[in-house]
Amino acid sequence: MTPLYEGKAKRLWATEDPFTLRMEFKNDATAFNGEKKASFENKGRLNNAISNLIYGMLEKEGVPTHFVRQIDDTNVEVRKVTILMVEVIVRNIAAGSFCKRTGMAEGHEFSQPIIEFSYKSDELGDPLINDDYIREMKLATPEEMAHLRSAALKVNELLSAFFAKCGLRLVDFKLEFGRLLSDPSVIVLADEISPDGCRLWDLKTGERMDKDRFRRDLGNLMEAYEEVLGRVKQNLA
Ligand code: TMP
């Protein structure tokens, strides 16, 4: 069997149902557009568990996602979508490429969340784009863009409040959306929400609890993800 698609951290497999897929979380980690690579035992299991719990919470709060059900430790059944080639990044606190681009110090709290878009292209290194690029590249319609913005802000409010309960600051995160194969007029949240695609800082100590531990060689990556999973479970109960 060959997967329908293999990305840096996940594989997508066909199922008997044409409208659903099996998404498999791998143990691989990459950073800097795949330049830095490693594999971590349990990473797939931890991200699958964290992402599914978060998607369950978001669904309950009225945010449609691709999530159907967890199959096993590293596999989840998801609704089949056509992924929009636009990555939506929401920032609450200055970090990462925002600081690089602007020279602003890490840790500055924004007065309002910043939303930015990048073109989902490994070849080009996910470059920053804006609404005008997106319109001319026909990546999404203006109506879809309005929806992405409002959905991203809603997800930010829900996730920021939830992670705060977990003793974590949601610094920034990346979302991906897709059009349902069964009804392309419906856009749902897709991909994953895990410490791979979020920056999470411990509220008390400021400790990095996300993939920056790998990007910056801080060590104990899986210990941090395990801690995030524990807190997520505790605060959903
Ligand atoms: P950045 O500061 O490097 O632009 O990252 C912003 C957020 O987006 C951060 O939480 C990590 C996440 N992210 C991804 O999920 N995938 C990516 O390819 C990149 C560059 C960032």
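Here's a quick rundown of the structure. Treat the numbers as computed from the prediction; the structure is a model and nothing was measured.

Calculation criteria
Residues numbered from 1 in each chain as written. Predicted model: local features only at pLDDT ≥ 70, side-chain atom pairs only at ≥ 80, totals over all residues. Heavy atoms only, no water. Helix = DSSP H or I, 4+ residues; strand = E, 2+ residues; numbered from the N terminus. Rg over C-alpha atoms; globule rule 2.2 N^0.38 Å. Lys, Arg positive; Asp, Glu negative; His and termini not counted. Charge placed at Lys NZ, Arg CZ, Asp CG, Glu CD. Pairing = 2+ DSSP bridges. Contact = heavy atoms within 4.5 Å. Axes fitted to C-alpha atoms, helices over the stretch in contact; angles between N-to-C directions. Phe/Tyr/Trp six-rings, centres within 6.5 Å; stacked < 30°, edge-to-face > 60°. Buried < 20%, exposed > 50% of the residue type's maximum accessible area, 1.4 Å probe, protein only. Near = heavy atom within 4 Å. Polar contact = N/O pair within 3.5 Å; in protein donor to acceptor, adjacent residues only side chain to side chain. Core = buried A, V, L, I, M, F, W, Y, C linked by side-chain atoms within 4.5 Å. 1 Å grid on protein atoms, 1.4 Å probe; cavity = no way out; pocket = protein on both sides within 12 Å on 5 of 7 lines; lining within 4 Å. Points joined across faces, edges and corners; volume = space filled by probe spheres on them. Nonpolar A, V, L, I, M, F, W, Y, C, P; charged D, E, K, R; others polar. Disulfide = S-S within 2.5 Å. Salt bridge = Lys/Arg side-chain N within 4 Å of Asp/Glu carboxyl O.

**Let's talk about the overall build of the protein chain**
Counting its secondary structure elements, the protein chain contains six helices and 14 strands. Its C-alpha radius of gyration of 17 Å places the protein chain within 12% of the 18 Å reference for a compact globule of 237 residues. Side chains of the protein chain give 34 positive and 39 negative charges; the mean places of these two sets differ by 2 Å.

**Considering the sheet that holds strand β1 (residues 5–6)**
Spatially, the five strands line up as an open sheet ordered β1-β2-β3-β7-β6, and their pairing is antiparallel. Where the open sheet ends on each side, the last strands, each with one partner, are β1 and β6 (67–72). Both β6 and strand β7 (residues 75–79) contribute to a ladder of four bridges, which runs antiparallel. Its bridge partner lying in β7, Gln70 is registered against Val76. Helix α1 (residues 43–60) rests against β3 (20–25), β6 and β7 of the sheet, and its axis sits at about 150° to β6.

**A short note on the side chain of Thr65**
Tracing the chain through its elements places Thr65 in the loop between α1 and β6. Other than its neighbours up to four places away in sequence, Thr65 contacts Tyr55, Leu58, Glu59, Arg79, Val188 and Leu189.

**Here's the deal with the packing of aromatic side chains**
A full pass over the atoms with the stated rule returns three aromatic pairs. Both rings, one in Phe40 and one in Phe214, keep their centres 5.6 Å apart while their planes meet at 85°; by these two values the pair is edge-to-face. On the criterion of sequence distance, the pair formed by Phe40 in the loop between β5 (36–39) and α1 and Phe214 in helix α5 (residues 212–215) is long-range, its members being 174 residues apart. Owing to a relative accessible area of 22%, Phe40 belongs among the partly exposed residues under this scheme.

**What about the site of the ligand?**
If you check the shell around the ligand, you find 13 residues, and the closest are Arg91, Ser97, Asp172, Lys174 and Arg199. Side-chain polar atom of Arg91 to an oxygen atom of the ligand: 2.9 Å apart, as the coordinates give it. Within the side chain of Arg199, a nitrogen or oxygen atom sits 2.9 Å from an oxygen atom of the ligand. Listed by contribution, the elements that provide at least two residues to the shell around the ligand are β9 (86–93), α2 (96–102), β12 (168–180) and β14 (198–202). The leading source of residues in the shell around the ligand is β12, at three residues.

**Quick word on the nonpolar core**
Among the nonpolar cores identified, the biggest contains 55 residues, and Leu58, Leu159, Phe163, Leu175, Phe177, Leu189 and Ile193 are the most heavily contacted of them. Here the element with the most residues in this core is helix α4 (residues 142–165); it accounts for nine residues.

**Concerning the layout of surface pockets**
Rolling a probe over the atoms, with the probe sized like a water molecule, indicates the empty space that remains. Of the voids in this model, the second largest pocket is the one considered here, and its volume is about 190 Å³. Lining the second largest pocket are Leu53, Gly56, Met57, Lys60, Glu61, Leu158, Ala161, Phe162, Lys165, Asn235 and Leu236. Mapped by element, the contributors of at least two residues to the lining of the second largest pocket are α1, α4 and α6 (221–236). Taken together, the residues that form the lining of the second largest pocket break down as six nonpolar, two polar and three charged.

**Observations regarding the state of the cysteines**
Going through the model one piece at a time under the given rule, you end up with zero disulfides. With no disulfide partner, Cys166 has as its closest neighbouring cysteine sulfur the one in Cys198, 12 Å distant.

**Overview of the pattern of salt bridges**
Taken as a whole and judged by the stated rule, the model has 30 salt bridges. Among the ionic pairs, Arg179 bridges to Glu144, the shortest N-O distance being 2.8 Å. Linking Arg179 in strand β12 with Glu144 in helix α4, this pair joins segments that are 35 residues apart in sequence. Overall, the relative accessible area of 13% leaves Glu144 in the buried class. Residues joined in a network through salt bridges with shared partners are Arg91, Arg101, Glu116, Asp172, Arg199, Asp212 and Arg215.

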